[in-house]
Amino acid sequence: YLRRIIARGKVPAACAWTYKMVKKNKEPVVVFGEHQDILDSYTEGLRKLKIPLVRLDGTTSRISRQRAIDGFQNGNVSVFLGSRAAFEGITLTRARHLMFLERFFTPAAEEQAEDRIRRIGQTRQTFIWYLTAEGTIDERIEEIVDRKRRIIKRVVGQPDIETDKLEDTLD
């Protein structure tokens, strides 16, 4: 429940980020969220900004799923919006930017989603954006996921990935 409340509050910022990336920077983007009402709200926000998108979620038929993937990869639209239903078996290498509107509780889930833009055929540097609301449960989820990543790294080993907070990159 708290995650949904926070996500609703982040939708305007997510739409603004998308507008900047697509309209000003001319960059296609992939966005992932979890809850249908949040995906609906984000979709409506982009429609108001006149930014077309394709959406793949649990209600998407097999035919529509492939049309969404092809439409994004072929450059017909610049925004691919997905839920967990889009975490596996698809390639979205046209994008080099992926944003999480909502955080997931496991590194594996997030990394599976991240791998949609980090597939064979990706020739450019990729960027993963986690939209986090300060002072909310988002920060607690971030701590949990980071702790799990450290445990996995210690037990299994994992390459280091360079990370920066957005406010650090704006200086």
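See above for the structure.
Quick caveat: nothing in here was measured; it's all calculated off a predicted structure.

**Observations regarding the overall build of the chain**
Along the backbone of the chain there are six helices and five strands. Its helices and strands taken in sequence order, the chain reads α-β-α-β-α-β-β-α-β-α-α from the N to the C terminus. The C-alpha atoms of the chain give 16 Å as radius of gyration, which agrees with the globular expectation for 171 residues (16 Å, within 12%). Each principal axis of the C-alpha distribution contributes one length, and for the chain these read about 40 × 35 × 35 Å. For the chain, the proportion of contacts with a sequence separation of at least 24, taken over those separated by at least 6, is 71%. Total accessible area on the chain stands at roughly 9,800 Å², and carbon and sulfur atoms take up 51% of it.

**Quick notes on the packing of helix α1 (residues 2–24) against helix α2 (residues 36–48)**
Between two packed helices, both the angle of their axes relative to each other and the distance between the axes serve to describe the pair. Where α1 contacts α2, the two axes come as close as 9 Å, and the packing angle between them is 30°. With respect to α2, the axis of α1 lies roughly parallel. When the axes of α1 and α2 are compared, the crossing they make is right-handed. Contacts between α1 and α2 pair R4, A7, R8, V11, A14, C15 and T18 from the former with D37, I38, S41, Y42, G45 and L46 from the latter. For the contact of α1 with α2, the residue count by class is seven nonpolar, three polar and three charged.

**Points about the nonpolar core**
If you look at the biggest cluster of nonpolar residues, it comprises 21 residues, and the most contacted ones within it are V30, F32, F72, F80 and L92. Elements with a minimum of two residues in this core: β1 (29–32), β2 (54–56), α3 (62–73), β4 (97–100) and α4 (107–114). When residues of this core are assigned to their parent elements, the largest contribution, three residues, is made by α3. With residues up to four places along the chain from it excluded, the contact list for F32 reads G82, S83, A86, F87, L98, M99, F100, L101, E102, A113 and R116.

**Focus: the pairing of β4**
Covered by surrounding structure in β4 are H97 and M99 together with L98 and F100, the residues of both alternating faces. When β1 meets β4, the two strands line up parallel, connected through four bridges. Bridged to V31 within β4 is M99. Pairing of β4 with strand β5 (residues 127–130) involves four bridges; the strand directions are parallel. Opposite H97, over in β5, you have F127 as the bridge partner.

**Notes on the sheet that holds strand β3 (residues 79–82)**
As a general point, the strands of a sheet are linked pairwise by backbone hydrogen bonds and lie either parallel or antiparallel. Taken in spatial order, the five strands line up as β2-β3-β1-β4-β5 in an open sheet, and their pairing is parallel. What marks the edges here is a single partner per strand, and that holds for β2 and β5. Strand-to-strand twist of the sheet, defined as the mean angle between neighbouring strand axes without regard to direction, takes the value 20°. With four bridges connecting them, β1 and β3 associate as parallel partners. Paired with V31 across the two strands is L81, which belongs to β3. On the sheet, α1 packs against β1, β3, β4 and β5 and is oriented at approximately 165° with respect to β1. Lying on the sheet, α3 is in contact with β1, β2 and β3; it crosses β2 at an angle near 140°.

**Here's the deal with the environment of R116**
You can see R116 is positioned in the loop between α4 and β5. We classify R116 as buried; its relative accessible area is 2%. Taking the C-alpha atoms as reference, R116 lies 8.9 Å from L98; in sequence the two are 18 residues apart. Every residue in contact with R116, bar those within four places of it in the chain, is listed here: F32, A86, F87, E88, G89, I90, T91, L92 and T93. At a separation of 2.8 Å, a polar atom in the side chain of R116 contacts the main-chain carbonyl oxygen of I90. Reaching out from R116, the side chain makes a polar contact with the backbone oxygen of Q112 at a distance of 3.0 Å.

Reading the values: rules and limits
- Residues numbered from 1 in each chain as written.
- Predicted model: local features only at pLDDT ≥ 70, side-chain atom pairs only at ≥ 80, totals over all residues.
- Heavy atoms only, no water.
- Helix = DSSP H or I, 4+ residues; strand = E, 2+ residues; numbered from the N terminus.
- Rg over C-alpha atoms; globule rule 2.2 N^0.38 Å.
- Contact = heavy atoms within 4.5 Å.
- Areas by Shrake-Rupley, 256 points an atom, 1.4 Å probe, with all protein chains shown as cover.
- Axes fitted to C-alpha atoms, helices over the stretch in contact; angles between N-to-C directions.
- Parallel < 35°, antiparallel > 145°, perpendicular 65-115°, else oblique.
- Left-handed = near helix turned anticlockwise from the far one by under 90°.
- Nonpolar A, V, L, I, M, F, W, Y, C, P; charged D, E, K, R; others polar.
- Core = buried A, V, L, I, M, F, W, Y, C linked by side-chain atoms within 4.5 Å.
- Buried < 20%, exposed > 50% of the residue type's maximum accessible area, 1.4 Å probe, protein only.
- Pairing = 2+ DSSP bridges.
- Polar contact = N/O pair within 3.5 Å; in protein donor to acceptor, adjacent residues only side chain to side chain.

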